[in-house]
Amino acid sequence: MNRIPTIIDCDPGIDDVMMLLLALRHEKTDVKLITTSAGNQTQDKVVSNALRFVSYINEKVEIARGLEKPFLRDLVIADHIHGESGIGGVELPEPSLEESDRTAIEAMLATLKETTEPVTIIATGPLTNVGALLLAHPEVKPKIKQISVMGGAVKGGNVTPQAEFNIYVDPEAAELVFNSGVPVVMSGLDVTHKAYLDDQDLARLKGKGTELAEMLHHMLQFYKDAQGASPFHESYYEEVVRLHDLCAAAYVIDPSLFQGDDFYAKVECEGRHTSGATVVDHMRQTGMDPNIHVLYGVDRERFVDLFLSSFDR
Ligand code: BDR
Ligand code: CA
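The paragraphs below set out a description of the structure included in this document.

Rules behind the numbers
- Residues numbered from 1 in each chain as written.
- Chains lettered and ligands numbered in written order.
- Predicted model: local features only at pLDDT ≥ 70, side-chain atom pairs only at ≥ 80, totals over all residues.
- Heavy atoms only, no water.
- Helix = DSSP H or I, 4+ residues; strand = E, 2+ residues; numbered from the N terminus.
- Rg over C-alpha atoms; globule rule 2.2 N^0.38 Å.
- Buried < 20%, exposed > 50% of the residue type's maximum accessible area, 1.4 Å probe, protein only.
- Contact = heavy atoms within 4.5 Å.
- Areas by Shrake-Rupley, 256 points an atom, 1.4 Å probe, with all protein chains shown as cover.
- Lys, Arg positive; Asp, Glu negative; His and termini not counted.
- Charge placed at Lys NZ, Arg CZ, Asp CG, Glu CD.
- Near = heavy atom within 4 Å.
- Polar contact = N/O pair within 3.5 Å; in protein donor to acceptor, adjacent residues only side chain to side chain.
- Nonpolar A, V, L, I, M, F, W, Y, C, P; charged D, E, K, R; others polar.
- Core = buried A, V, L, I, M, F, W, Y, C linked by side-chain atoms within 4.5 Å.
- Pairing = 2+ DSSP bridges.
- Right-handed = clockwise from strand over helix to strand, strands pointing away.
- Axes fitted to C-alpha atoms, helices over the stretch in contact; angles between N-to-C directions.
- Salt bridge = Lys/Arg side-chain N within 4 Å of Asp/Glu carboxyl O.

### Examining the overall build of the protein
Helix and strand counts for the protein stand at 12 helices and 12 strands. Radius of gyration (C-alpha) of the protein: 18 Å, near the 20 Å computed for a compact globule of 313 residues. Summarising its shape, the C-alpha atoms of the protein cover approximately 55 × 45 × 40 Å along the three principal directions. The burial tally for the protein puts 58% of its 313 residues in the buried class. For the protein, the share of sequence-separated contacts (at least 6 apart) that also reach a separation of at least 24 residues comes to 81%. When the accessible surface of the protein is split by element, carbon and sulfur atoms take 49% of a total near 12,900 Å². Here the protein carries 28 positive and 48 negative side-chain charges, and the mean point of each set is 3 Å from the other.

Below is the structure:
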């Protein structure tokens, strides 16, 4: 099987942890590098969480520290959702892996320069590192096959009424990535709110009976209790936990799980009430050519099966 050379840029983060498990264990994704973006927690905490979790599941991948803060703004974190540590109430053991002595940008650049086959980037935090890479080193664009982003929303945000968290934290970086000319796939809240685990799925996870399954079940319970939703979102009336970041990896592994289309989209970098909103021309009114692929539907049952299969690998 042809494995997909992959770089992951993430801010673990409870749902980032689920994404890491899937991407690191699935035979289709060949993860060459993990970089950390400041977002759900500070850079110190997300890099520590990545090192601890990847060590815990016995994977060996270079983990490189990303930028400390967004391009032009102060960092906003999501400790009200992911907790003080960034991974809920769970304590992970000291890591066996050590942080890379290269920065995220140096490591991404080197990985892209070395590759003979274009690399896929899965980005599940604010787009600060990916944006900085493309800004400083546009020559590597042909080495990137696509950037699968968890972020944005066509309708309704989760950190402000209009903005989704990852884009809200660093809209300038997101705007740069969306208009970079590199193929971008956006898993926004429109699809990620449909990508959830219900109580039966959580019971299936617990039923795996391993320490890892027990721990992730615990994290997800924490996440479920912290997640907000609105009546305009799918599954609002149900007791569920939404696996936003998993969508970005699941799409790379099996795009047939999702429905989506190409659209023209801009990121609002100003806006009195709308900073960080992704303005997607979903009714094709602007006459502008599409610049990104936006997902809006998911085959939830197959998505859940894919996630749960990570525990059997
Ligand atoms: C996104 O924000 C973060 O809190 C999650 O990890 C996910 O990447 C959802 O809006
Ligand atoms: Ca994330």
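More follows now that the structure is in view.
### Quick notes on the site of ligand 1
Of all residues adjacent to ligand 1, which total 13 residues, the nearest are Asp15, Asn40, Asn158, Glu164 and Asp245. Separating an oxygen atom of ligand 1 from a side-chain N or O atom of Asn40 is a distance of 2.6 Å. Within the side chain of Glu164, an N or O atom sits 2.4 Å from an oxygen atom of ligand 1. Burial of ligand 1 by the surrounding chains reaches 97%, relative to a free accessible area of 280 Å². The set of elements that each furnish at least two residues to the shell around ligand 1 consists of helix 1 (14–25), helix 6 (165–169) and helix 11 (244–253). Taken together, the residues of the shell around ligand 1 sort by class into 3 nonpolar, 6 polar and 4 charged.

### Considerations on the nonpolar core
Core analysis: the biggest nonpolar cluster contains 67 residues, and Met18, Ile34, Phe53, Leu216, Leu220, Phe258 and Phe303 have the highest contact counts within it. Contact partners of Ile34, with chain neighbours within four places excluded, come to Ile8, Cys10, Leu20, Leu24, Val54, Val61, Glu62, Ile63 and Ala64. In terms of nonpolar packing, the next biggest core, distinct from the first, is built from 34 residues, Ile105, Ile121, Leu133 and Val280 among them.

### Side note on the pairing of strand 3 (residues 62–65)
Regular strands place their side chains on alternate faces of the sheet. Pairing of strand 2 (residues 29–36) with strand 3 involves 4 bridges; the strand directions are parallel. Paired with Thr35 across the bridge in strand 3 is Ala64. Crossover strand 2 to strand 3 through helix 2 (residues 43–56) is right-handed.

### Here's the deal with the sheet that holds strand 1 (residues 4–10)
Adjacent strands of a sheet pair through backbone hydrogen bonds, lying either parallel or antiparallel. As summarised here, the arrangement of the 8 strands in space is 3-2-1-4-5-6-12-9, forming an open sheet in which the pairing is mixed. Since the sheet does not close on itself, it has two edges, and those belong to strand 3 and strand 9 (258–263), each with one partner. This sheet shows a mean twist of 25 degrees between the axes of neighbouring strands, independent of strand direction. Bridge analysis of strand 1 against strand 4 (residues 119–123) gives 4 bridges, and the strand direction is parallel. Pairing of Ile8 across the sheet is with Ile122, part of strand 4. Its contacts with the sheet place helix 11 against strand 1, strand 2, strand 4, strand 5 (144–150), strand 6 (184–187), strand 9 and strand 12 (292–298), and it is angled at close to 150 degrees to strand 5.

### A look at unusual backbone geometry
Here the residue pair Pro12 and Gly13 is connected by a cis peptide bond, since its omega of -5 degrees sits within 30 degrees of zero. The topology assignment puts Gly13 in the loop between strand 1 and helix 1. Residues other than glycine seldom take positive phi values, yet Arg284 does so here, at roughly 55 degrees.

### Looking at the pattern of salt bridges
Side-chain pairs of opposite charge can arise where the charged atoms are in close proximity. Applying the stated criterion to the full structure yields 21 salt bridges. In this structure, Asp30 and Lys32 form a salt bridge, with 3.0 Å as the shortest nitrogen-oxygen distance. Of the charged contacts, one joins Glu99 and Arg65 as a salt bridge, the two residues approaching to 2.9 Å between their closest N and O atoms. Of the two residues, Glu99 sits in the loop between helix 3 (79–82) and helix 4 (104–114) while Arg65 sits in strand 3, which places them 34 residues apart along the sequence. You can call Glu99 partly exposed: its relative accessible area is 32%. Through salt bridges with shared partners, a single network forms among Asp44, Arg65, Glu68 and Glu99.

Shape descriptors only; they carry no functional weight alone.
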